Amino acid sequence: MKLSRNTTGAILMMMSMAGFTCNDAVIKSVTPYMNVGQIMLIRGILTSILVYIIARRMNALDHIRTLFQPMVALRVLFEVTAAIAYLSALGQIPLGNAASILQSLPLAVTLGAALFLGEPVGWRRWTAIIVGFIGVMIIIRPGPEGFTLASLYVVGSVFSAAARDLVTKRIHAGVSSLSVTLFSAAGNAVAGALLVQPFGGWQPMTGELFWLLALASVLVFVGYQAIIMAMRTGEISFIAPFRYTSLLWAVGLGLVVFGEVPDVWMMTGTAIVIASGLYAFYRENKRKAGL
């Protein structure tokens, strides 16, 4: 049975979330031993090599001038910004908390589509967006007892990732997904190289750490490729809710690998964010149906 474009996009989105969240767990495990710049550099190089080999074998590698198409270059910029912010936070807050804040990403995408792409958004979806970001505030708990600067890094990563996803929709269909993935990975490597010294300098690396970063590069490749294909295959309003599957991976990995038990604030805020997001998607589908 042939799957519809939306169903295919949803499956790709779930694959992407599994890849990215497992990558987050691996990266979190190495953050005590090296800085964000070094992690981005090594993972970016390994991912770039992997993608380049696959793209060459599939004859799917576009000319380097593709990078200088405005939408591709802009996507790389937003991708790098999101990565720096998120990786800076991972070593400081529980994996589940970081993933919970990321659940607001579909709402940020809707907000961006309304503000910058002229997509019509009624008062119900505006309310959902506002309520969703109240949920984010509950998770990060601004105040002396719960607030950390790392939480703001994740929020910054959310808005950068939302811009990345909106730009992805604008990339010309003739540009291969593997080329976009390669340019994104290479961009992360370059940014990492520039940040190694400002973030504390190069740290000695054991064989175990290298292989963990090699595993992370494979996982992030799966995440990159799947999300690019998902955003270019299905309708954003249909596939975006499947981002929430990342929370299942994050809470499970956080509990099993890091012994992190979700608190009531995180669970309450996450429930509000997800409910708001699902309602926003519901209203979007009603709008498209003319109801």
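Residues numbered from 1 in each chain as written. Predicted model: local features only at pLDDT ≥ 70, side-chain atom pairs only at ≥ 80, totals over all residues. Heavy atoms only, no water.

The protein chain is annotated in an unreviewed UniProt entry as DMT family transporter from Ciceribacter thiooxidans.

It is not clear to me how the pattern of salt bridges should be interpreted in this structure. Could you clarify?
Charged atoms that come close allow side chains of opposite charge to pair. Under the criterion given, the structure shown has five salt bridges. Across the pair Glu79 and Arg75 runs a salt bridge, and its minimum N-O distance is 3.9 Å. Of the two residues, Glu79 and Arg75 both sit in helix α3 (residues 70-90), four residues apart, roughly one turn of that helix. Here Glu79 matches Arg75 in class, with each residue buried. Within the structure, one salt-bridge network assembled from shared partners comprises Arg75, Glu79, Arg164, Asp165 and Arg243. (Salt bridge = Lys/Arg side-chain N within 4 Å of Asp/Glu carboxyl O. Helix = DSSP H or I, 4+ residues; strand = E, 2+ residues; numbered from the N terminus. Buried < 20%, exposed > 50% of the residue type's maximum accessible area, 1.4 Å probe, protein only.)

Help me out: how do you make sense of the packing of aromatic side chains in this one?
Following the criterion strictly, the structure yields two aromatic pairs and no others. Relative to Phe159, the ring of Phe133 lies with its centre 5.7 Å away and its plane at 15°, an arrangement referred to as stacked. Of this pair, Phe133 sits in helix α6 (residues 123-140) while Phe159 sits in helix α7 (residues 149-168), placing them 26 residues apart in sequence. Owing to a relative accessible area of 40%, Phe159 belongs among the partly exposed residues under this scheme. Ring plane angle 80° and centroid distance 5.4 Å describe the contact between Phe210 and Trp211, whose orientation is recorded as edge-to-face. Relative accessible area serves as the criterion here: at 61%, Trp211 is assigned to the exposed category. Cation over ring: Lys28 sits above Phe258, and NZ or CZ is 5.6 Å from the ring centre. (Phe/Tyr/Trp six-rings, centres within 6.5 Å; stacked < 30°, edge-to-face > 60°. Lys NZ or Arg CZ within 6 Å of the ring centre and 35° of its normal.)

What's the story with the side chain of Ser179 in this structure? I'm lost.
The topology assignment puts Ser179 in helix α8 (residues 177-195). Ser179 gets classed as buried once you look at its relative accessible area, which sits at 0%. The contact partners of Ser179, leaving out residues within four places of it in the chain, are Ala60, Leu61 and Asp62. (Contact = heavy atoms within 4.5 Å.)

Can you walk me through the confidence of the model for the protein chain in this structure?
Parts of the prediction with low pLDDT should not have their coordinates interpreted in detail. Mean pLDDT over the protein chain: 87, with 96% of residues reaching 70 or higher. For the protein chain, per-element mean pLDDT is lowest for helix α10 (residues 236-239), which scores 74, and highest for α3, which scores 93. (pLDDT = per-residue confidence, 0-100.)

Where do I start with the environment of Ser184 in this structure?
With respect to the secondary-structure elements, Ser184 resides in helix α8. Taking the C-alpha atoms as reference points, Ser184 and Leu46, 138 residues apart in sequence, are found 12 Å from one another. Apart from the residues within four sequence positions on either side, Ser184 is in contact with Arg75, Val76, Glu79 and Tyr224. Among the polar contacts made by the side chain of Ser184, one reaches the side chain of Arg75 at a distance of 2.9 Å. (Polar contact = N/O pair within 3.5 Å; in protein donor to acceptor, adjacent residues only side chain to side chain.)

Help me out: how do you make sense of the packing of helix α2 (residues 36-57) against helix α9 (residues 207-233) in this one?
The relative placement of two packed helices comes down to the angle between their axes together with the axis-to-axis distance. Taken N-terminus to C-terminus, the directions of α2 and α9 make an angle of 55°; their axes are 8 Å apart at the nearest point. Compared by their axis directions, α2 and α9 come out oblique. Here the hand of the crossing between α2 and α9 comes out right-handed. Each of Ile39, Ile42, Arg43, Leu46, Thr47, Leu50, Val51 and Ile54 in α2 lies in contact with α9, whose residues at this interface are Phe210, Leu213, Ala214, Ala216, Ser217, Val218, Val220, Phe221 and Tyr224. Residue classes in the contact of α2 with α9 are distributed as 14 nonpolar, two polar and one charged. (Axes fitted to C-alpha atoms, helices over the stretch in contact; angles between N-to-C directions. Parallel < 35°, antiparallel > 145°, perpendicular 65-115°, else oblique. Left-handed = near helix turned anticlockwise from the far one by under 90°. Nonpolar A, V, L, I, M, F, W, Y, C, P; charged D, E, K, R; others polar.)

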